[in-house]
Amino acid sequence: MHNPPRIDGPVRAPAAQPGADMGASVPPELRTLVRDCLDDLDELVGRYVPEVSAFDGYEATVPPEDLRETARACFELLLRLIGDLPVPEDLREVPDRLGRRRAHQGVPLERLLQAVRMDFRVLWTAMLERTRPHDQLQLTRGAVRVWEAVEFHTVHVHAAYLDQVAVLAREQEREQAALMGRLLSSDGRDQQLVAQVATLLQVNAQSEFAVAVAPPESQQELRRAVTARLTGQSAHLQQHNGMLVLVARLPQGADAPPPAWLDGVACAVGPVARGLARVPDMVRVAETIATTIDGGTAHPVTLVEAWMPVAAARLGPMAGMLADSVLSDLDRLPPHERERLLDTVVAYCGSGSVAAVTRELYCHRNTVLNRLSRFTELTGLHPTRPTEAAAILFALECARSRTV
């Protein structure tokens, strides 16, 4: 899921047109050499192609005929710039076409710039060979023009390359988003779709994946956490159903996401997806958990933590019925007494220790026991019995979900 480096906005080449400003006028000797070299373009190409073909990243990606054609066009452009000769419109576009083509072919930028700057050496060597020894001093007067032409060409190739990289990155992001959106909206049974997503994200479809979902108010925190803590990891962020979804391949051998990944982020974490095909199911679980996150949460929430509000929400009208069947007899108490009774029951169900409740609520042991006994008297349920304690806590959750 490693994405290409993001380049914000296109990188534009300088506005100057080829040949618009190449310094001083062209010495006659240099113009003569330019015309001689234009007549021998095939010789220049023949010198250039074998050397560049030997560069890492060229031979495997750029066909020889492509390299010869672009070299010929580049040398003609450079010679016309050096000699201050007319530059046809088609030649003016050579640097842009070259930069974009090599970016699309995947040639590393440093190798491309190395190849482009080799133009100077090939041109200068050819000019020296065509100059008599006693005229070489005159030739040096034109060295600056040769170098400026090559640099002008290089800058435009470089800018076009970066422009195309940005275009390819945006296209890849759109393709990833579209395919991932299809996967998340599916049941995961389309093996061809799963394989396409795995290929695009560069992951093994049988790997294990962590899934997290952030509601709108905490999406920026999730983005920052991914940028800061998951650099180099196979991670993908995707907008889905109004929430921000994170799908991250777990490190080999890990059976759960490291806690530090999302520490401090208010998000929902689904169970680990055992394979890419299980990701849609786990995202739906995490989306359901995310709907239960309240404004005071500042950490990842798992299904184990959120099962009560999730289950209460899924019960529909039965949630209110359950709350009434357990808690309705408490309604005849004065509000402050009812609140104290419930605070004591919840504290006891959380710890199972009377001593812990006395410390938490700053009351006597007998007071705690009396309140627990009074609750049993009114509801018929014993907070000291685990199964009944679970029913009490769930009924309280159903009551809360009804008032939200």
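Relevant structure appears above.
Description of the structure in this document. Keep in mind it's a predicted model, so treat the numbers as computed, not measured. Positions within a chain are numbered from 1, following the residues in the order the chain's sequence is written. Reporting of local features is limited, given that this is a predicted model, to residues whose pLDDT is at least 70; pairs of side-chain atoms are given and counted only at 80 or more, and all residues count toward the totals for whole chains, interfaces and linings. Excluded from the side-chain calculations are hydrogens and water; all other atoms, namely the structure's heavy atoms, are used.

Some details on the overall build of the protein chain
What counts, and what does not: A run of DSSP states H or I qualifies as a helix once it reaches four residues; a run of E qualifies as a strand once it reaches two. Both are numbered from the N-terminal end. Every radius of gyration here is taken over C-alpha atoms, with the globule rule written as 2.2 Å times N^0.38, N being the number of residues. Buried, partly exposed and exposed residues are distinguished by accessible area as a fraction of the type maximum, computed with a 1.4 Å probe on protein chains only: under 20%, between the cut-offs, and over 50%, respectively. Here, two residues are considered to be in contact whenever any of their heavy atoms come within 4.5 Å of each other. Every accessible area reported is derived by Shrake-Rupley at a probe size of 1.4 Å, with residue values counting cover from the shown protein chains alone. The sign given to each residue is positive for Lys and Arg and negative for Asp and Glu; His and the chain ends receive no count. Note on charges: their place is set at NZ of Lys, CZ of Arg, CG of Asp or CD of Glu.
Along the backbone of the protein chain there are 17 helices and 6 strands. For 404 residues, the compact-globule estimate of 2.2 N^0.38 gives 22 Å, and the protein chain exceeds it by more than 25% at 36 Å. Counting only C-alpha atoms, the protein chain reaches 115 × 45 × 35 Å along its principal axes. Per-residue burial for the protein chain yields a buried fraction of 45% across its 404 residues. Across the protein chain, the fraction of contacts at a sequence separation of at least 24, relative to all contacts at a separation of at least 6, is 72%. As presented, the protein chain carries roughly 20900 Å² of accessible surface, and 53% of it is formed by carbon and sulfur atoms. Charged side chains in the protein chain number 42 positive and 51 negative. The centres of these two groups are separated by 4 Å.

Points about the nonpolar core
Applied cut-off: Here, nonpolar core refers to any group of buried Ala, Val, Leu, Ile, Met, Phe, Trp, Tyr and Cys residues whose side-chain atoms link them within 4.5 Å.
Counting residues in each nonpolar core, the largest one holds 48 residues, and the members touching the most others are L44, Y48, Y58, F75, L79 and M127. Counting only elements with at least two residues in this core, the list comes to α1 (28–39), α2 (41–53), α3 (64–82), α5 (94–105), α6 (109–129) and α8 (143–184). Ignoring anything within four residues of it in the chain, the contact list for L44 reads C37, F75, L79, V122, L123 and A126. Of all hydrophobic cores here, the second largest spans 31 residues; its members include L193, F209, V211 and V279.

As for unusual backbone geometry
With a phi angle near 55°, D84 is a residue other than glycine that sits in the positive phi range. A positive phi is found at Y362, a non-glycine position, where the angle reads about 55°. Along the chain, the position of Y362 falls in the loop between α15 (354–361) and α16 (365–379).

Focus: the pattern of salt bridges
As a reminder of what qualifies: Throughout this description, the term salt bridge denotes a Lys or Arg side-chain nitrogen within 4 Å of a carboxyl oxygen of Asp or Glu.
Under the counting rule described, the total for this entry stands at 24 salt bridges. Measuring nitrogen to oxygen at the nearest pair gives 2.8 Å for the salt bridge that ties E208 to R274. In this pair, E208 sits in strand β1 (residues 208–214) while R274 sits in strand β5 (residues 273–274), placing the two residues 66 residues apart along the sequence. Look at E208 and you get partly exposed, because its relative accessible area is 27%. For R274, a relative accessible area of 48% puts it in the partly exposed group. Across the salt bridge formed by R385 and E388, the nearest N and O atoms sit 3.2 Å from each other.

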